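# Results of the structural survey
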Amino acid sequence: MAERGLSQRHVCRLLEVDPKTVRRPERRGDEAVRARLRSLAGERRRFGYRRLGILLEREGVRMNHKKLYRLYREEELMVRRRRGRKRATGTRAALALPQAPDQRWSLDFVSDCLAARRFRILVVVDDFTRECLAAVADTSISGTRVARELDRLVARHGTPATIVSDNGPELTSRAILAWTNRAGLDWHYIVPGKPQQNAFVESFIGRLRDELLNEEIFENLPHARHVLERWRLDYNHVRPHSAHAGLPPAQVRRLAAGARLGLVDGPAARPLAPSPRPCYHPTGLPS
């Protein structure tokens, strides 16, 4: 090219070579500025490149606004525009498996129909014992209602360390944001479109739909609540669970409580009250 005075593009066209394969790769510069820009953007997540540029100028780093914007774009620090109301954000860190009851709960909704309209069921599952802590049926369940039901469960079982849910509007509402701040726990939202990250409650909903919802015809909402509660008690106290070698979830909770008290190998100083033995009977079978 130097001898004949040809341009790189002309030579590449003659040789039928893409110019990108012969050009020298561009080297990123200003690594110190990029690192500080990323650090400031992490501290000020809602600041755009102009305000970040002012902060850099205060530290003695001055540059053309076009270069600043280029670095800002290359580092992918663009601020996403917020739309609509304020929502809870929760945590996105990886979750470890729970090692005791009431360390982690999972929430989700499942829907079914009455004779004339549909209704929803709020399901709360303990990820360690696989126990169904609540199955609340109603025609409409808002974030405020979810917070009220969680208060009832916390009063009975204590506050869990983590709650896992999807990104539904009820579970990202301002009522849930306020409740989470008041309760002082971590609310973990799964990645949108990946229900497998909430596998415990999804598995339970599969059993609920297969063993109850697909087998029953509900006349009205009180009838649905009665049958649902009867099945929930049977699931917790009678139904063998494959994850616990055939033990029901309520028995796993009692064994875990005994292990914490050191009473696994001997009788309890204060005998535990016998658990109820409810039994769910499908429609058409004698009760």
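Before any of the text, the structure's been laid out above.
Residues numbered from 1 in each chain as written. Predicted model: local features only at pLDDT ≥ 70, side-chain atom pairs only at ≥ 80, totals over all residues. Heavy atoms only, no water.

### Section: the packing of helix α7 (residues 199–213) against helix α8 (residues 221–237)
Formally: Lines fitted to C-alpha atoms define the axes, with helix axes restricted to the stretch in contact, and inter-axis angles between N-to-C directions lie between 0 and 180 degrees. Counting from the N terminus, the helices are the DSSP runs of H or I reaching at least four residues and the strands are the DSSP runs of E reaching at least two. Oblique is the label for any angle not under 35 degrees, not over 145, and not in the 65 to 115 range, which are roughly parallel, roughly antiparallel and roughly perpendicular in turn. Crossing handedness: left-handed means the near helix sits turned counterclockwise from the far one by under a right angle, and right-handed means the same turn made clockwise. Residues count as neighbours in contact if any of their non-hydrogen atoms are within 4.5 Å of one another. Here the term charged refers only to Asp, Glu, Lys and Arg, the term nonpolar to Ala, Val, Leu, Ile, Met, Phe, Trp, Tyr, Cys and Pro, and the term polar to all other amino acids, Gly among them.
With their axes 12 Å apart at the nearest point, α7 and α8 run at an angle of 120 degrees to one another. With respect to α8, the axis of α7 lies oblique. For α7 against α8, the interelement crossing comes out right-handed. Contact residues: α7 offers Phe204, Arg207, Leu208, Glu211 and Leu212, while α8 offers Val227, Leu228, Trp231 and Tyr235. Residues of the contact of α7 with α8, tallied by class, amount to seven nonpolar, no polar and two charged.

### Re the pairing of strand β4 (residues 162–165)
Remember that side chains alternate between the two faces of the sheet whenever the strand is regular. Stated formally: Note on classification: 1.4 Å probe, protein chains only; a residue is buried when its accessible area is under 20% of the maximum for its type, exposed when over 50%, partly exposed between these limits. Paired strands, as defined in this entry, are two strands with at least two bridges between them according to DSSP.
The alternating pattern of β4 places Thr162 and Val164 and Ile163 and Ser165 on opposite faces, both of which are buried. Direction of pairing for strand β1 (residues 104–113) relative to β4: parallel, over a ladder of three bridges. Looking at β4, one finds that Ser106 is bridged to Val164. The pairing of β4 with strand β5 (residues 186–189) spans four bridges and is classified as parallel. Looking across to β5, one finds that Thr162 is bridged to Asp186.

### Focus on a nonpolar patch on the surface
Cut-off, in case you're wondering: Exposure above 30% relative accessible area and the absence of a salt bridge qualify a residue for a patch, where like charges join within 9 Å and nonpolar side chains (Val, Leu, Ile, Met, Phe, Trp, Tyr) within 5 Å. Residue-level accessible areas treat just the shown protein chains as cover; the underlying method is Shrake-Rupley with a 1.4 Å probe. In the sections that follow, a salt bridge refers to a side-chain nitrogen of Lys or Arg positioned within 4 Å of a carboxyl oxygen of Asp or Glu.
Together, Leu6, Leu14, Leu15 and Val17 make up a nonpolar patch on the protein surface, roughly 350 Å² of accessible area in all. Here Val17 lies in the loop between α1 (8–15) and α2 (31–43).

### Comments concerning the pattern of salt bridges
Within the structure shown, the criterion is met by 19 salt bridges. The partner of Asp102 in a salt bridge is Arg253, and the shortest N-O contact between them spans 2.9 Å. Residue Asp102 is found in the loop between α4 (65–74) and β1, and its partner Arg253 is found in helix α9 (residues 249–261); the two are separated by 151 residues along the sequence. Given the relative accessible area of 14%, Asp102 is considered buried. Arg253 gets classed as buried once you look at its relative accessible area, which sits at 16%. In this structure, Glu131 and Arg253 form a salt bridge, with 2.6 Å as the shortest nitrogen-oxygen distance. Highlighted residues: Glu131 in the loop between β2 (118–126) and β3 (132–138) and Arg253 in helix α9, separated in sequence by 122 residues.

### Regarding the packing of aromatic side chains
As a reminder, the rule being used: Any two of the Phe, Tyr and Trp rings considered here, Trp counted by its six-membered ring, make a pair once their centres fall within 6.5 Å; the pair's planes then place it as stacked at under 30 degrees, edge-to-face at over 60, or tilted in between. The criterion for a charge sitting over a ring is simple: Lys NZ or Arg CZ within 6 Å of the ring centre, and within 35 degrees of the ring normal.
This structure, assessed with the given rule, holds nine aromatic pairs. Where Tyr69 meets Tyr72, the ring centres are 6.5 Å apart and the plane angle is 25 degrees; that geometry is what we call stacked. Placement of both Tyr69 and Tyr72 in helix α4 is noted, with a separation of three residues, approximately one turn of the helix. Of the residues examined, Tyr69 reaches a relative accessible area of 35% and is grouped as partly exposed. The cationic tip of Arg51 hangs over the ring face of Phe47; the distance from NZ or CZ to the ring centre is 5.9 Å. The ring of Phe109 has Arg120 lying over it, and the distance from NZ or CZ to the ring centre is 4.2 Å.

### Digging into the packing of α2 against helix α3 (residues 49–58)
Relative orientation of the contacting elements α2 and α3 amounts to 120 degrees, with a least axis distance of 10 Å. Of the possible angle classes, the one that applies to α2 and α3 is oblique. In this structure, α2 meets α3 at a crossing whose hand is right-handed. Residue-level contacts link Val33, Arg36, Leu37, Leu40 and Ala41 of α2 to Leu52, Leu55 and Leu56 of α3. In the contact of α2 with α3, the residues fall into seven nonpolar, no polar and one charged.

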